[in-house]
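Survey of secondary and tertiary structure
In case you want the letters, here they are:
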Amino acid sequence: MIELDIEKRLGEFHLAARLAAPASGITALFGRSGAGKTSIINALAGLLKPDRGRIAVGGETLFDSERGIDLPPERRHLGYIFQEHRLFPHYSVRGNLLYGGKGNAPISFDAVVALLGIEGLLDRRVADLSGGEKQRVAIGRALLASPRLLLMDEPLAALDAARKDEILPFITRLRDELRLPIIYVSHAMEEVVQLADTLALVDDGRIAAIGPVEELTSRIDLRPLTGRFEAGSVLRTVLRGQDTTYGLSELAFPGGRLRVPHLDLPLGTVLRLRIHARDVVLANAPVSGLSIRNAFAGKVVEISPDRGPLVDLRIDVGTPSEPVMLWARITQRALHELKLKPGSPVHALVKTVALNRSSPGRREAETEAS
Amino acid sequence: MLTPLESEALLLSLRVGLVSVVFSLPLGLAIAWLLARREFPGKILLNGLVHLPLVLPPVVVGFTLLVLFGRNGAAGAWLYQVFGITFAFDWKGAALASAVMAFPLMVRAMRLSLENVDRRLEAAARTLGANPLKVLATITLPLMSPGILTGAILAFARSVGEFGATITFVSNIPGETQTLPLALYALTQVPGGDHAAWRLTAISVLLAMAALIASELVARRLDRRIRGAG
């Protein structure tokens, strides 16, 4: 377990965070800029001293104001990947990688180098690396210091889209191959959906909610924190079929199958999909003559109490034993004319085009037998 | 080539400069660190004290040293009794006077370079398991090395050229305290010394110029290395 219950006053800002996260998988700290995400992991790392409270990782107390415990950062054994790589400019790549290592890391130098694909960079100077390469070296450097937990502070924020796609698979490999728990700070929901198992929503110095990603993202009351425009549900699906004639892949979830543009992945791969509420269309009867191919029968579960022209609905398109929630955003007028109420049967239509290649979150480690 | 008087004065100047830099370097680093990294009551006072020799008439510094470090001065008497060290009318006194006069230059250069060291790199090193001492040795000092070197060379050049405080504190004794500028001064006081004075002037200019160029070249090289470019 990662337990944290701290208070810290930073000028006008008051941090009062309480968090209990599993010491496995990736826990995302998600929130807008200035919400206190970085302060929380700085406190974990020992770079920010809380005014009072307690921090423990895996049963060991790192900080306890009452008992006067405050381990210095070098004795906490937490790896930290910063937003800016923070590589040492006067060391070579190899020198950086070896900086924190004492030769007793559970993972060898060669294994780390291979895992991150930085074999060719070892004798280069830091200044000669690209942004993505620097961030990979920074990850390697943290790994070789044998941390029991990795802290990542928006490690992709300073990179362009192509570099992000270059780094993301490595982060999943850390979790899946090294079984290293990770606390991942982000303000990009796409990254969170792709990577995280547990989601902690940070708002104004507090942890507003914590739970599985699928659960928190489908809660209407948390919309202000999960992002209104970006609102959408997260679906766990399994790749069940390939339609070579039309270049489509079939992703199954309890209660239906989604057809998306071809994904070059083995059958049985578990994928997490994000479907934006604005990409879901509702109908009160089965429709024909539309280009939309993904239609699911379900029923309305919840309607947001919004006053504006738009309203969000939660639609259960799953089976009685395994509910699967979709969000739909429609106008108040449509809601009125379709006479939708909680419990109303409804057909949800998902635009295939909404499922582009970058939105599926890949979870190759959870591959199931099909 | 050089006359015996010239080589004697030159070698003495070099020795005075070297000794003054070597002994004031650790203190200079410590003060630079205090001024750049610490907040404490009296910081403005310390800063002022360090910079005082830059603005005071050198004769004031020399006289103060004479009062404090002369045989009968508070510090001088103690140093003589405990360590048998004499500063008055001794080349070591010339080194002390030079060190005091050059100290502000040294501290300024070091402080500036320390302020430019990215503290986020030091924090990163801590998370990688380095204790504060290792961080100092492997991150902070290497990154401020251009400033340390520039400071040391500037202080050396300043020491070699020190005149006022030295002549007031340790007088002008050939072979003992007569450094280049003091020898030059002595020559200007006797008739027909112009030619010899010109030669010493040329030597002084060459020495100072060489030190400044060396400082610039070394700093540039170190800078390139710690930036990891080129």
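Note that the structure is predicted; figures quoted are calculated from it, not measured.

Some remarks on the overall build of chain B
- Helix and strand counts for chain B stand at 11 helices and 0 strands.
- In chain B, the succession of helices and strands from N to C terminus is α-α-α-α-α-α-α-α-α-α-α.
- Considering only C-alpha atoms, chain B reaches an extent of 70 × 45 × 30 Å along its principal axes.
- Put simply, chain B has 230 residues, and 40% of those count as buried.
- A sequence separation of at least 24 residues applies to 73% of the contacts in chain B between residues at least 6 apart.

Observations regarding the overall build of chain A
- Each helix and strand in chain A was counted, giving 9 helices and 21 strands.
- On C-alpha atoms alone, chain A measures out to a radius of gyration of 23 Å, which is about the 21 Å that the 2.2 N^0.38 rule sets for 370 residues.
- Taken along its principal axes, the extent of the C-alpha atoms in chain A is 65 × 50 × 35 Å.
- Across chain A, every contact between residues at least 6 apart in sequence was considered, and the portion connecting residues at least 24 apart equals 68%.

Structural notes on the pairing of strand β7 (residues 78–81) of chain A
Residue and element names in this part refer to chain A.
- Of the two faces of β7, the one carrying L78 and Y80 and the one carrying G79 and I81 are both buried.
- Judged from the 4 bridges that link them, β7 and strand β8 (residues 149–153) form a sheet pairing that is parallel. Directly across from I81, in β8, lies its bridge partner M152.

What about the sheet that holds strand β16 (residues 280–283) of chain A?
Residues and elements named next belong to chain A.
- As summarised here, the arrangement of the 5 strands in space is β16-β20-β17-β18-β19, forming an open sheet in which the pairing is antiparallel. The open sheet terminates on both sides in strands that have one partner only, identified here as β16 and β19 (325–331). When strand polarity is set aside, the average angle formed by the axes of neighbouring strands in this sheet is 45°.
- Here 4 bridges tie strand β17 (residues 294–303) to strand β18 (residues 310–316), and the two strands are oriented antiparallel to one another. Looking across to β18, one finds that I303 is bridged to L313.

Structural notes on the interface of chain A and chain B
- If you look at the interface, chain A gives 18 residues, while chain B gives 18 residues.
- When the residues that make up the side of chain A that touches chain B are grouped by side-chain class, the tally is 12 nonpolar, 2 polar and 4 charged.

Side note on the domain arrangement of chain A
All names here are of chain A.
- When its domains are assigned, chain A resolves into domain 1 (2–217) and domain 2 (232–364).
- Put simply, the middle of domain 1 and the middle of domain 2, counted by C-alpha atoms, are 33 Å apart.
- Among the elements of the structure, α6 (189–195) and α7 (213–217) are those that each provide at least two residues to the side of domain 1 that touches domain 2.
- Considering every element that reaches the side of domain 1 that touches domain 2, the biggest residue donor is α7, with 3 residues.
- Looking at side-chain class alone, the side of domain 1 that touches domain 2 contains 2 nonpolar, 3 polar and 1 charged residues.

With respect to helix α11 (residues 194–227) of chain B
All names here are of chain B.
- With 34 residues, α11 should reach 50 Å at 1.5 Å per residue; the first-to-last C-alpha distance of 49 Å fits that figure.
- Along α11, the residues classified as buried are L200, S204, A211, S215, A219 and L222.
- Packed against the buried residues of α11 are α1 (4–37), α8 (145–160) and α10 (180–188).

Some thoughts on the sheet that holds strand β11 (residues 206–212) of chain A
Residue and element names in this part refer to chain A.
- With mixed pairing, the 6 strands of this open sheet are ordered in space as β7-β8-β9-β3-β10-β11. The open sheet has two free edges, formed respectively by β7 and β11, since each of these has just one partner strand. Sheet twist, expressed as the average angle between the axes of neighbouring strands with direction ignored, equals 20°.

Focus: helix α7 (residues 132–143) of chain B
All names here are of chain B.
- I139, T140 and L143 are the residues of α7 that are buried. Along the axis of α7, the buried residues cluster in a sector spanning 85°; they form a single face. Exposed residues pointing more than 90 degrees away from the buried face of α7 are listed as L133 and A137.
- Its buried side turned inward, α7 meets α6 (119–127) and α11.

Observations regarding the nonpolar core
Residues and elements named next belong to chain A.
- Counting residues in hydrophobic clusters, the biggest one holds 151 residues, and the most contacted among them are A28, L151, A200, A328 and A348.
- Here this core spans two domains, and each of domain 1 (2–217) and domain 2 (232–364) adds at least three residues to it.
- Excluding residues within four positions of it along the chain, A348 makes contact with V280, L282, F296, G298, I315, V317, L326 and A328.

A word on the packing of helix α5 (residues 91–115) of chain B against α8(B)
All names here are of chain B.
- Running from N to C, α5 and α8 point in directions that differ by 160°, and their axes come no closer than 8 Å. In terms of axis orientation, α5 runs roughly antiparallel to α8. When the axes of α5 and α8 are compared, the crossing they make is right-handed. Of the residues in α8, those touching α5 at S98, A99, M101, A102, L105, M106, A109, M110, L112, S113 and L114 are P146, G147, I148, T150, G151, A152, L154, A155, R158 and S159.
- In terms of residue class, the contact of α5 with α8 is made up of 14 nonpolar, 6 polar and 1 charged.

Observations regarding the packing of α10(B) against α11(B)
Residues and elements named next belong to chain B.
- Where α10 meets α11, the closest approach of the two axes is 9 Å, and the angle between their N-to-C directions is 160°. Relative to α11, the element α10 lies roughly antiparallel. For α10 against α11, the interelement crossing comes out left-handed. Facing L180, P181, A183, L184, L187 and T188 of α10, the residues of α11 in contact are A196, A197, L200, T201, I203 and S204.
- Taken together, the residues of the contact of α10 with α11 break down into 9 nonpolar, 3 polar and no charged.

How each quantity is defined
Residues numbered from 1 in each chain as written. Chains lettered and ligands numbered in written order. Predicted model: local features only at pLDDT ≥ 70, side-chain atom pairs only at ≥ 80, totals over all residues. Helix = DSSP H or I, 4+ residues; strand = E, 2+ residues; numbered from the N terminus. Buried ≥ 20, exposed ≤ 12 C-beta atoms within 10 Å, placed from the backbone. Contact = placed C-beta atoms within 7 Å. Rg over C-alpha atoms; globule rule 2.2 N^0.38 Å. Pairing = 2+ DSSP bridges. Axes fitted to C-alpha atoms, helices over the stretch in contact; angles between N-to-C directions. Nonpolar A, V, L, I, M, F, W, Y, C, P; charged D, E, K, R; others polar. Domains from an automatic or database assignment. Expected span 1.5 Å × (residues − 1). Arc of directions from axis to C-beta. Core = buried A, V, L, I, M, F, W, Y, C linked by C-beta atoms within 7 Å. Parallel < 35°, antiparallel > 145°, perpendicular 65-115°, else oblique. Left-handed = near helix turned anticlockwise from the far one by under 90°.

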